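# Structure assessment
So you can see what is in the structure, the chains are spelled out below.
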Amino acid sequence: MSGASWPARYEVRVEGSLDPRWSEWFEGLQVDGQGGETVLSGTLADQSALHGVLDKVCDLGLSIITLRRLPPGPIEEGPP
């Protein structure tokens, strides 16, 4: 059995609307409001970072609609 490779790209869809300014707090993930939902997406360094994002979703009282690991894509540049 092989383990997951990191870093990995994720998409977390939650109920509720968040402003894109929350991006830094969510490990630099992109924050996109879509109606009454918000999509957090981007690359996370490791499983600990994923758990940190999920803890923050919980801290805000948001309900997770979907969580999915995305296929590998182009290397993303972080903030300057």
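Residue numbering note: each chain is counted from 1, following its sequence as written. With the structure being a predicted model, the display of local features is reserved for residues of pLDDT at least 70 and the display and counting of side-chain atom pairs for 80 or more, all residues being used for whole-chain, interface and lining totals. To obtain the side-chain values, all non-hydrogen atoms of the structure were included, while hydrogens and water were left out.

## What to know about the sheet that holds strand 1 (residues 8–15)
- Strands were regarded as paired on the criterion that DSSP finds at least two bridges between them. Helix and strand assignments come from DSSP, with helices taken as H or I runs of at least 4 residues and strands as E runs of at least 2, each series counted from the N terminus. In spatial order, the strands read 2-3-1-4; together these 4 strands make up an open sheet with antiparallel pairing. Since the sheet does not close on itself, it has two edges, and those belong to strand 2 (30–34) and strand 4 (64–70), each with one partner. Strand-to-strand, the axes of this sheet are offset by a mean angle of 15°, without reference to chain direction.
- With 6 bridges connecting them, strand 1 and strand 4 associate as antiparallel partners. Paired with Val12 across the two strands is Leu67, which belongs to strand 4.
- Contacts were defined at the residue level, with two residues in contact if any of their heavy atoms lie within 4.5 Å. Interaxial angle, 0 to 180 degrees, is taken between N-to-C directions of lines fitted to C-alpha atoms, where a helix line uses only the stretch in contact. Packing against the sheet, helix 1 (residues 47–59) makes contact with strand 1, strand 3 (37–44) and strand 4, and its axis sits at approximately 160° to strand 3.

## Things to note about the packing of aromatic side chains
- Two rings from Phe, Tyr or Trp (for Trp, the six-membered ring) form a pair when their centres sit within 6.5 Å of each other. Planes less than 30 degrees apart are called stacked, planes more than 60 degrees apart edge-to-face, and all others tilted. Inspection of the entire model under this criterion finds 4 aromatic pairs.
- On the numbers, 6.4 Å between centres and 50° between planes, the contact of Trp22 with Phe26 is tilted.
- Take Trp22: its relative accessible area is 31%, and that puts it in the partly exposed class.
- Each ring, one from Trp25 and one from Phe26, has its centre 5.2 Å from the other, and the planes form 75°; the classification is edge-to-face.
- Only protein chains enter the accessibility calculation, which uses a 1.4 Å probe; a residue whose area is less than 20% of its type maximum is buried, one above 50% is exposed, and one in between is partly exposed. Residue Trp25 is classed as partly exposed on the basis of its relative accessible area of 35%.
- Its relative accessible area of 0% is what places Phe26 among the buried residues.
- Counting every residue linked through ring pairs, the aromatic cluster contains Trp22, Trp25 and Phe26.
- Only when the NZ atom of a Lys or the CZ atom of an Arg is both within 6 Å of the ring centre and within 35 degrees of the ring normal do we say a charge sits over the ring. The ring centre of Trp6 lies 5.0 Å from the NZ or CZ of Arg69, which sits over that ring.

## Looking at the side chain of Thr38
- With respect to the helices, strands and loops of the structure, Thr38 is situated in strand 3.
- Apart from the residues lying within four places of it in its own chain, the contact partners of Thr38 are Val12, Arg13, Val14, Gly16, Ser17, Leu18, Val31, Asp32 and Gly33.

## Some points on the pattern of salt bridges
- Any Lys or Arg side-chain nitrogen found within 4 Å of a carboxyl oxygen on Asp or Glu counts as a salt bridge. For the coordinates displayed, the defined rule picks out 4 salt bridges.
- One salt bridge in this structure joins Arg68 and Glu11, with 3.1 Å as the shortest N-O distance. Remark: Glu11 occurs in strand 1 and Arg68 occurs in strand 4; sequence separation between them is 57 residues.
- For Glu11, a relative accessible area of 14% gives the class buried.
- Measuring nitrogen to oxygen at the nearest pair gives 3.7 Å for the salt bridge that ties Lys56 to Glu27. Taken as a pair, Lys56 in helix 1 and Glu27 in the loop between strand 1 and strand 2 lie far apart in primary sequence, 29 residues in all.
- Taking relative accessible area as the criterion, Glu27 reaches 39% and is therefore assigned partly exposed.

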